[in-house]
Amino acid sequence: MVVDELSDETVDRLFHALADATRRSILRRCVRGELSVSRLAEDYPMSFAAVQKHVAVLERAGLVTKQRRGREQLVRTDAEAIARARQALDELEATWRGRVDRMARLLAQDPEPDDKTPKEGRGR
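Residues numbered from 1 in each chain as written. Predicted model: local features only at pLDDT ≥ 70, side-chain atom pairs only at ≥ 80, totals over all residues. Heavy atoms only, no water.

> Explain a nonpolar patch on the surface residue by residue, including any values.
There is a patch of nonpolar side chains on the surface, built from L89, L92 and W96 and spanning about 320 Å² of accessible area. Within the element layout of this structure, L92 appears in helix α5 (residues 79-109). (Patch = residues over 30% accessible without salt bridge, like charges linked within 9 Å, V, L, I, M, F, W, Y side chains within 5 Å. Areas by Shrake-Rupley, 256 points an atom, 1.4 Å probe, with all protein chains shown as cover. Salt bridge = Lys/Arg side-chain N within 4 Å of Asp/Glu carboxyl O. Helix = DSSP H or I, 4+ residues; strand = E, 2+ residues; numbered from the N terminus.)

Here it is in structure tokens:
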């Protein structure tokens, strides 16, 4: 179940993990079904160790889980974690929408300049 409030540390780990294109690609691939780290590594122009590090970042963020099955480490997306990431984005959106709405209300209240007020450049 999604927790109501996410800590700043949790949100930082989520966004750090999602900030990298390779990690987003790994995450998308694992959403479709669990894959071994070695199978993931076949499709990236980097070493197996580099892919392992990307998976570790995703795992620390809670976006994927790893399970050892024999000699393979299988990676699977954690649906709860995806929901947490979505919640973090929804909270940010709500904050910014609130700010924009407040600015719009303030601008709507801004009185038109009074015609009786002297304008610059017009002498007496």
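> How would you summarise the pairing of strand β2 (residues 64-69) if you had to cite specific residues and measurements?
The sheet contact formed by β2 and strand β3 (residues 72-77) spans six bridges and is antiparallel. Its bridge partner lying in β3, T65 is registered against R76. Between β2 and the antiparallel strand that follows it, β3, lie two residues; G70 among them carries a positive phi value of about 65°. (Pairing = 2+ DSSP bridges.)

> Residue-level account of the sheet that holds strand β1 (residues 35-36), with values.
With antiparallel pairing, the three strands of this open sheet are ordered in space as β1-β3-β2. Looking at the sheet topology across the chains shown, the edges are occupied by β1 and β2. Across the sheet, helix α2 (residues 21-31) is in contact with β1, β2 and β3; its angle to β3 comes to roughly 90°. Of the strands in this sheet, β2 and β3 are in contact with helix α4 (residues 48-60), which crosses β2 at around 120°. (Contact = heavy atoms within 4.5 Å. Axes fitted to C-alpha atoms, helices over the stretch in contact; angles between N-to-C directions.)

> Describe the side chain of R23, with residues and values.
Structurally, the position occupied by R23 is in helix α2. The buried charged residue R23 lacks any salt bridge, with D20 as its nearest oppositely charged partner at 4.5 Å. Among residues more than four places away in sequence, those in contact with R23 are H16, A17, H54, V57 and L58. (Buried < 20%, exposed > 50% of the residue type's maximum accessible area, 1.4 Å probe, protein only. Lys, Arg positive; Asp, Glu negative; His and termini not counted.)

> Hey, could you go over the environment of A88 for me, with residue numbers and the actual values?
Mapped onto the elements, A88 comes out in helix α5. Taking the relative accessible area as the measure of exposure, A88 reaches 4% and is therefore buried. On a C-alpha basis, the gap between A88 and S7 in space is 9.7 Å, while along the polypeptide they are 81 residues apart. Not counting residues within four places of it along the chain, the set of residues in contact with A88 comprises L6, V11 and F15.

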